[in-house]
Structures are given as structure tokens and as C-alpha cells.
Amino acid sequence: MLKRKGNLISFHPAQILVMGFGSLILVGTLLFMLPIATYEEGRGLSFIDALFEATSAVCVTGLAVVDTGSTFTTFGEIVLLCLIQIGGWGFMTTGIFMFIILGKKIGLKERLLLQDSLNVFSISGVVNLVKRIILITVIVELIGATALAIRWSFDMPFSKAIYYGIFHSVSAFNNAGFGLEPDNLSKWVGDPTVNIMVTFLFIIGGIGFTVILDLFHKRSIRKLSLHSKVALTMTLILNIIGPFIIFVSEYSNPDTIGSLHFGDKVWASYFQGVVTRTAGFNTIDIGAMNLSSLVFMMALMFIGASSGSTGGGIKVTTFAIIISAFWAVVTNRDDVNIFKRRISWELVNRSLSIVVAGIFFIFLIFFLLTFTEDADMSKLLFETISAFGTVGLSADFTPELSPVGRIFITIMMFIGRLGPLTMAFALLHTRKDAKVRYAEEKILIG
């Protein structure tokens, strides 16, 4: 798990990321347990509820066992917002940002950890990347907060509208999905400004900082890196398919969009179709949706957002590689090609490992929940995949989780934020001084 150099103990980068996120969650848990954090007089949240809420915030998930707006005081909501922002950046990005502010030197070890945290190809320019990430975040969140505050100033006092704008902008850009209303954003189901701005925020946050910077510098689709082309293409395809499936599946459902005017049906289908892969906002009742919609949403949540973003899931680029590898096998090709570029089999194997690890962790937590929860399989599986994808959508089941069930979903959110492969590295990494290569032999498959 770790190795000793002289008197120092050296951890694998994956283990450091686990400890870093774990420490941040612990701090958030303790703050939520303070009496000042909630409106309930004399005490804060219980340890399990505080742990759940802190993990959901740091892992930018959005699942909640309490109503955010009516449970947390202004102090509690600010703590929640800070955890969301730090969790969206990642604790290493936040740490390096503090180093930059304090004028401290950033060594090779910190750069390597940052490379692993940001999931970039090399350590070259990672410190400048952090500066640009902070700048992008501030600009985009400020745009979102301003637009939402102006819109909501017609529905509430201006000071409250500003606060709502800031809170929902940070929550949306970081793909967290926390809202201050009991029904999330349902009262604005057909509002163009809210629908456009919130989706703009979480789509930008979900495509990844490296893609945003690539677009800014290249300013031409043809000149973009392969990663950016794949991320943008897959995002566009899924954002077209998602709303269409939701619209068709829910069109006649009176409990969701069936009773809405046609225009509102379009807005609701668009919002719920694109939000599913990454952020946990909702403008319709998720628990009242048809089973066909929920199953399709599970697939989108499993795929998730883009690598290097604030979203979760196996990532759209991983999904694209798996599909391309499948096509190469069934068409009897030696190479896996995407946009006239060859993908190494090493990257294909890593992508397969991410998918297998994700399926394993989902099955494990889902299986354990069947022992602790008395609910339909569809609700349990939906909750598990939502936690894994750090999406935060719930079929009206999260508050009903038992204390043990809340711990299992907490673990699932943690795994989903770090990534299943990172978690596997952290748990299973050992140093091997010698490599042994055994004789090859075939096994029948398929």
C-alpha cells in the first residue's frame, strides 16, 4: 500500500487523493454537526446525516437526506457551498491555489499529484492550468449568478435573489445539483432563463477544463485535440438523445410532463435529458417518472460527464473508446480508430478496467442495499448509480434510507468522485520489484 524511503513514508498518488478528499469530508461533517449549522435548536445534524451531506457536497453529488433550504442556516449553506466549490476543483487544485496565493514554491511531488488529480497527460504547465481553472470558474459562475439573480429578482427580494443566484450558479457549475427550494427547480419548469442558464453552467462544468481551454486557444474544431473532439461529440450526441427519449417516454405521464403545455413539455424534457449525466437538479418529479425513463437515465448517469470535469461516471471519452473497441473487434480490425486517429490497446484496456471496476462497485453497493432497505430494486439501483455518477438525482428515496444504507451510499459517492480505478489503485496498490511473465495459453470465451 505504501513504501518507505529512509524515514519518510511515500504514498501512491491515488492514496493521497483518497486521504485528501476524506479529510475534507471529515471537516465538513464536523461543521454540519455544529448547532449553528442548522435551524434545529441546540444541535446540528447527527453524525451519519452530517457525513452523508458533507460527502455529497465534496463529491459534488447533490443527494440529500435533509431539505437544504429549510434545514441549514446561512452558515450551514455557506459551508455547503464551500465544500461544493472545493470538491468541484479537487482538493489538490485548491491546495495549489493556496500555495500560489501564499507565494510558496510548488515542487515536483505536488505537480505529480496535481497531474493525477486533474487527469492530464503531463506535469508540464499544470500550475498555469490551475490558474486558468480558477479564472474560468470565477468568470462562468459570475455570469450564471448575475443572470439567475436578475431573473429571480422578479420573484423574490433582490438580496435573496442575489443569494439564490450565487448558490445555484456554484452548485450548477460544479455539477452538484443542490437547490434551496424543497422541489428543487420544479416551479421554474417552463422558464427559459432558468433552464438555459442552469444547463449552460453544468454543461460547461461537465465538458472539462482542458476542453474549455482547448476551445479557447484553438478556436477551430479541426485543430482541437482528439480528447476535445471526442468529449464534445459525445456530449452533443447524448444531449440530443437524452431529451428526445425523456420527451417520448414521459409525454403522456400526467405526474411528470403529461399535464404541461407543449412548450413546457419541451423545456422539461430538455432539462431532465441533459441534467441526468452529471448534475442532480430536477424540474419534474423523478419518483413519478416511468420505469423506461428511469432505466435510460441510469445508463446516462453511468456514462457521466467528461474527464477532467466536475462531473462523475465512467466519462464520455471512456464510453467512446469502449464502443470503438467493440466495433473494431466485431469488424475484425487490428486497430481501434476514432476520428482517423489510432487508440492504443493500453488505453483500451484501461478504459475496460474503469468500466469493470465501476460495474463491480455498483453491484456491490446495490447488493448490500438489498439487505438493509425495504424498497423496489429499481429505486435501489437508481440511487446507487446516481451516487456512483455523482449525479444526485433520486426517485424520492434518499431520505428514506436507513442509517446503514446512508453509509453505503456515502461510500458509493466517494468512489464515484475519485473514480473506480483510482479507488482500486488506492486499495490494492503494492510495489513489485520484479516482473514475471508466464507462458501464454488460450481460454474459450463468448
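Along each chain, the written sequence defines residue order, and numbers are assigned to residues from 1. The predicted nature of this model means local features are confined to residues of pLDDT at least 70 and side-chain atom pairs, given and counted, to a pLDDT of 80 or more, with totals for whole chains, interfaces and linings taken over all residues. Only hydrogens and water are removed before side-chain values are computed, so all heavy atoms of the structure are retained for them.

**Structural notes on the overall build of the chain**
Secondary structure elements follow DSSP: runs of H or I no shorter than four residues count as helices, runs of E no shorter than two count as strands, and numbering proceeds from the N terminus. Regarding its fold elements, the chain presents 18 helices and four strands. Throughout, exposure labels follow a simple rule: accessible area from a 1.4 Å probe, protein chains only, divided by the maximum for the residue type, with under 20% read as buried, over 50% as exposed, and the rest as partly exposed. Within the chain, the proportion of its 446 residues that are buried is 53%. Here the analysis covers contacts within the chain between residues at least 6 apart in sequence; of these, 67% occur between residues at least 24 apart. Method for areas: the Shrake-Rupley scheme with a 1.4 Å probe, in which residue coverage is limited to the protein chains shown. As displayed, the chain offers around 21,700 Å² of accessible surface, 65% of which is attributable to carbon and sulfur atoms. The contact criterion used is simple: two residues touch if any of their non-hydrogen atoms lie within 4.5 Å.

**Section: the side chain of Ser324**
Mapping Ser324 onto the fold places it in helix 14 (residues 316-330). Classification of Ser324 by relative accessible area gives buried; the value is 16%.

**Some details on the confidence of the model for the chain**
A residue's pLDDT is the confidence the predictor assigns to it, expressed on a 0 to 100 scale. Taken residue by residue, the chain gives an average pLDDT of 87. The fraction at 70 or more is 86%. When the criterion is pLDDT under 50, residues 1-9 qualifies, and its contacts beyond four places in sequence or with other chains add up to 16 contacts.

**Considering unusual backbone geometry**
Most peptide bonds take the trans configuration, and most residues that are not glycine carry a negative phi. For Val60, which is not a glycine, the phi torsion comes out positive at approximately 40°. We classify Val60 as buried; its relative accessible area is 0%. Although it is not a glycine, Lys315 sits at a positive phi angle of roughly 90°.

**Details of a negative patch on the surface**
Residues form patches when they are more than 30% accessible in relative terms and have no salt bridge. Like charges link within 9 Å. Nonpolar side chains (Val, Leu, Ile, Met, Phe, Trp, Tyr) link within 5 Å. Criterion for a salt bridge: a side-chain nitrogen of Lys or Arg within 4 Å of a carboxyl oxygen of Asp or Glu. His is not counted here, nor are the chain ends, while Lys and Arg score as positive and Asp and Glu score as negative. The atoms used to mark charge sites are NZ of Lys, CZ of Arg, CG of Asp and CD of Glu. Judged by side-chain charge, Asp255, Asp285, Asp396 and Glu400 come together as a negatively charged surface patch. Position of Asp396 among the secondary structure elements: in the loop between helix 16 (377-388) and helix 17 (403-418). Accessibility expressed as a relative area gives 43% for Asp396, which makes it partly exposed.

**Structural notes on the packing of aromatic side chains**
Each aromatic ring pair is specified by the distance between its two centres and by the angle formed by the two planes. Think of it this way: a Phe, Tyr or Trp ring, Trp meaning its six-membered ring, pairs with another when their centres are within 6.5 Å, and the plane angle makes it stacked under 30 degrees, edge-to-face over 60, tilted otherwise. Enumeration over the complete set of coordinates arrives at 13 aromatic pairs. On the basis of an interplanar angle of 65° and a centroid distance of 5.5 Å, the ring pair of Phe360 and Phe361 is categorised as edge-to-face. What makes Phe361 buried here is its relative accessible area of 10%. Among the aromatic residues, those joined into a cluster by ring pairs are Trp152, Tyr164 and Trp188.

**Here's the deal with the pattern of salt bridges**
All told, the structure shown has five salt bridges when counted by the stated rule. The shortest N-O distance in the salt bridge between Asp49 and Arg406 comes to 2.4 Å. Of the two residues, Asp49 is situated in helix 2 (residues 47-58) and Arg406 in helix 17; the sequence distance between them amounts to 357 residues. You can call Asp49 buried: its relative accessible area is 15%. According to the relative accessible area criterion, Arg406 is buried, its value standing at 12%. Between Arg151 and Asp155 there is a salt bridge, with its nearest N and O atoms 3.0 Å apart. In this structure Arg151 comes out as buried when scored by relative accessible area, which is 17%. Asp155 sits in the partly exposed class, given a relative accessible area of 43%. By sharing partners, the salt bridges in this structure join Arg151, Asp155 and Asp191 into a single network.

**Regarding the nonpolar core**
Counting residues in each nonpolar core, the largest one holds 101 residues, and the members touching the most others are Phe32, Trp152, Val198, Phe281 and Phe382. Ranked by residues supplied to this core, first place goes to helix 7 (residues 126-152) with eight residues. Here Phe382 is in contact with Ile286, Leu294, Met297, Met298, Met301, Leu393, Ser394 and Ala395, once residues within four sequence places are set aside. Only buried residues count toward a nonpolar core. Its members are Ala, Val, Leu, Ile, Met, Phe, Trp, Tyr and Cys residues joined through side-chain atoms within 4.5 Å. Listed in part, the 14 residues of the second largest apolar core include Val230, Ile303, Ala325 and Ile343.

**A short note on helix 2**
The periodicity of an α-helix, 3.6 residues per turn, causes residues three or four positions apart to be oriented the same way. Here, expected helix span is obtained from the residue count minus one, scaled by 1.5 Å. Between its first and last C-alpha, helix 2 extends 16 Å over 12 residues, near the 16 Å set by a 1.5 Å rise per residue. A large share of helix 2 lies buried, amounting to nine of its 12 residues. When helix 2 is considered as a whole, its buried residues turn out to be Asp49, Ala50, Phe52, Glu53, Ala54, Thr55, Ser56, Ala57 and Val58.

**Quick look at a nonpolar patch on the surface**
Together, Phe326, Trp327, Val329, Val330 and Trp345 make up an exposed nonpolar region whose accessible area comes to about 580 Å². For the nonpolar patch, the element with the most residues is helix 14, which contributes four residues. As for its position among the elements, Val330 is in helix 14.

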